[in-house]
Amino acid sequence: MSDSADYFAWADETFRLDRVFAKPEPLRGVRVLELAILYPGPVTAALLAEFGAEVIKVELPGAGDPIRSITPQARYWKNAGLAWLNEARNKYHLAIDVRKPEGTALLKALATKSDVIIENFRAGTMEAKWGIGYRQLRELNPRLIYVANTGFGQWGPYSQGRASYDAIAQSVSGIAAITGFPERKPLKSGAWIGDYFGALMSAVAILAALHWRDRTGQGQLIDLAQSESLIRAMDWTWVYHGLTGKSRARSGNRDTAISPSGIFRCRDGMVAIAAPSDEAFRGLSQAMGRPELGSDGRFATHLERLKEENARTLFAIIAAWATEKGKAEVDALGNQYGFAAAPVVNSQDHYEDPHLRARGAVWQLDDPIYGEVVEYGPVPKLSESPGRLKW
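Cut-offs used in this document
Residues numbered from 1 in each chain as written. Predicted model: local features only at pLDDT ≥ 70, side-chain atom pairs only at ≥ 80, totals over all residues. Heavy atoms only, no water. Core = buried A, V, L, I, M, F, W, Y, C linked by side-chain atoms within 4.5 Å. Buried < 20%, exposed > 50% of the residue type's maximum accessible area, 1.4 Å probe, protein only. Helix = DSSP H or I, 4+ residues; strand = E, 2+ residues; numbered from the N terminus. Salt bridge = Lys/Arg side-chain N within 4 Å of Asp/Glu carboxyl O. Axes fitted to C-alpha atoms, helices over the stretch in contact; angles between N-to-C directions. Parallel < 35°, antiparallel > 145°, perpendicular 65-115°, else oblique. Contact = heavy atoms within 4.5 Å. Nonpolar A, V, L, I, M, F, W, Y, C, P; charged D, E, K, R; others polar. Phe/Tyr/Trp six-rings, centres within 6.5 Å; stacked < 30°, edge-to-face > 60°. Pairing = 2+ DSSP bridges. Right-handed = clockwise from strand over helix to strand, strands pointing away.

Student: Even after reading the chapter, I still don't get the nonpolar core, so can you show me in this structure?
Tutor: Note on soluble globular proteins: their nonpolar side chains tend to be buried together. The biggest cluster of nonpolar side chains holds 22 residues, and the ones touching the most others in it are I273, L284, I318, W321 and F339. Taken together, the elements giving at least two residues each to this core come down to β9 (261-266), β10 (269-274), α11 (278-287), α13 (308-322) and α14 (327-337). In terms of residue count, α13 provides more of this core than any other element does, six residues in total. In terms of nonpolar packing, the next biggest core, distinct from the first, is built from 19 residues, V58, I96, F121 and L144 among them.

Right, here's the structure in full:
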């Protein structure tokens, strides 16, 4: 039996970043035609491109994808929007005017040689407006996997004519309603989680459809509703409503299903602390210099700690302790005493983080047009066929 040191040495050697480009790409040979704008569709294609899919992004001539010009605070880098730099990765770019007969003919020719088509226009646009929807293209390529990413799906009362963006998805999914503090209004997440989570669900569906096609030879239509993707992330919210008839309330930085777990103010910033198991909580109690809390009847077991009055009391005790500590100190105490702790970090922290750089989560590349660009790298690390950023 090997020891843990041997395992970690093996893992370091197996996943070495300097060997990534010598290994094969898992989706090499899969051709993806992207006729999408803004984020859900383009992010779906970008996720596939990271693992070797040949992605051909088709844009209308002129301004092209609006994401080229959508950027925070009107800030550009060499005439490129920051969001564009993040999601144009590993793609080939082609301008085709599908509003003209010559353009639709060219698009159809490409579709016959593609495995996947991704679009995220309003439902029915590709078919009714341009004659290149799923029903037309499957006649040319029965093996085609056609992905329609929209806000509300291709069918149902809300499917026709309604636009959707990330803020809409966060609102109608219910995520915004449970985010924030009880005495304040609902909050939108700072990141475009509706776009990204929808894209992730779309990529999962594509991989499932590719596997199905390998078994049957059949392509299919994938209908992905952005709002429903975030609903899938609502954990126990609907079960709670079904059993109690009550809507889940906002709880600020306190987790109401794990106690203690939350984000606390420190002397020099904010820190997350979680100690769900009884053993971890006893460790936290010792780190706080309050070992008696581990045997206190209100807190000795997780079930008791979850009771609302006890949970609020305990949260206040930890909050008072944390204000006297620094982020690094709490982090170190977590490692020493066996509870989870980590500082709340920002972009600069990520940029300088040696752990993220060692794993390729922060990926630096030299782009022939934009120069040195630092991006987030592929998330899943595959030992034999890893993802990569090429341009």
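Student: Explain α11 here, please?
Tutor: Every buried residue of α11 is listed here: A280, F281, G283, L284, S285 and A287. Positioned one or two residues after α11, G289 has a phi angle of 75°, which is positive.

Student: I keep staring at the pattern of salt bridges and nothing clicks. Help me out?
Tutor: Should their charged atoms come close, side chains of opposite charge can pair. Tallied over the entire structure, the rule returns 23 salt bridges. The salt bridge partner of R89 is E50, with a shortest N-O separation of 2.5 Å. With a gap of 39 residues between them, R89 in the loop between α3 (82-87) and β5 (91-95) and E50 in the loop between α2 (40-49) and β2 (54-59) connect regions that are remote in the sequence. Per residue, the accessibility class of R89 equals that of E50, and both read buried. The salt bridge partner of E308 is R254, with a shortest N-O separation of 2.7 Å. Here the residue E308 occupies a position in helix α13, and R254 occupies one in the loop between α10 (237-244) and β9, the gap between them amounting to 54 residues. Note on R254: relative accessible area 11%, which makes it buried. Residues joined by salt bridges that share partners form a network here, namely E13, R16, D18 and R19.

Student: Quick question: what am I supposed to make of the packing of helix α7 (residues 166-173) against helix α8 (residues 193-216) here?
Tutor: Geometrically, a packed helix pair is captured by the angle between its two axes and the distance between the axes. As a packed pair, α7 and α8 sit with axes 7 Å apart at the nearest point and diverge in direction by 80°. Looking at the two axes, α7 sits roughly perpendicular to α8. Touching D166, A169 and Q170 of α7 are I193, G194 and D195, all from α8. For the contact of α7 with α8, the per-class residue count stands at two nonpolar, two polar and two charged.

Student: Sorry if this is basic, but what is going on with the packing of aromatic side chains here?
Tutor: The relative placement of two aromatic rings is captured by the distance of their centres and the angle of their planes. Inspection of every chain in the model, using the stated rule, returns twelve aromatic pairs. Ring geometry for Y7 against W10: centres 5.8 Å apart, planes inclined by 35°, an arrangement best described as tilted. With Y7 and W10 both in helix α1 (residues 4-14), this residue pair falls three residues apart, about one helical turn. Ring geometry for F281 and F299: centres 6.5 Å apart, planes at 65°, overall edge-to-face. Taken together, the residues span a long stretch of sequence, with F281 in helix α11 and F299 in the loop between α11 and α12 (302-306) at a distance of 18 residues. One exposure class covers both F281 and F299, and it is buried. Put simply, the rings of Y7, F8 and W10 touch in pairs and so form one group of aromatic residues.

Student: Can you help me understand the pairing of strand β1 (residues 31-35) in this one?
Tutor: The side chains of a regular strand alternate between both faces of the sheet. Here β1 lies mainly inside the structure; four of its five residues are buried. Of the strand pairs in this sheet, β1 and β2 are connected by four bridges, and their pairing is parallel. Counterpart to E34 in the pairing with β2 is K57. Regarding the hand of the β-α-β motif, the stretch spanning β1, α2 and β2 is right-handed.

Student: Hey, could you run me through the side chain of E25 in this one?
Tutor: Looking at the element boundaries, E25 is found in the loop between α1 and β1. Note on E25: relative accessible area 13%, which makes it buried. Sequence-distant contacts of E25, that is, excluding residues within four places in its chain, are made with F51, G52, S385, R388 and K390.

Student: Teacher, can you tell me more about the sheet that holds β2 here?
Tutor: Judged by pairing direction, the sheet is parallel, and its six strands sit side by side in the order β5-β2-β1-β6-β7-β8 without closing on themselves. Each having just a single partner strand, β5 and β8 (220-225) make up the two edges of the open sheet. Across this sheet, the average inter-strand angle for adjacent strands is 20°, counted without regard to direction. Here β2 pairs with β5 via five bridges, running parallel. Looking at β5, one finds that E59 is bridged to A95. In this fold α2 packs onto β1, β2, β5, β6 (116-119) and β7 (145-150), with an angle of close to 145° to the strand it touches most, β6. In this fold helix α4 (residues 101-111) packs onto β1, β2, β5 and β6, with an angle of close to 150° to the strand it touches most, β1.

Student: Where do I start with the sheet that holds strand β11 (residues 340-343) in this structure?
Tutor: Sheet strands associate in pairs through backbone hydrogen bonding, adopting either a parallel or an antiparallel arrangement. Here three strands make up an open sheet; going across it, the order is β9-β10-β11 and the pairing antiparallel. Either end of the sheet is taken by a strand with one partner, and the two such strands are β9 and β11. Strand-to-strand twist in this sheet, taken as the mean axis angle between neighbours without regard to direction, amounts to 25°. In terms of strand pairing, β9 meets β10 through six bridges, oriented antiparallel.

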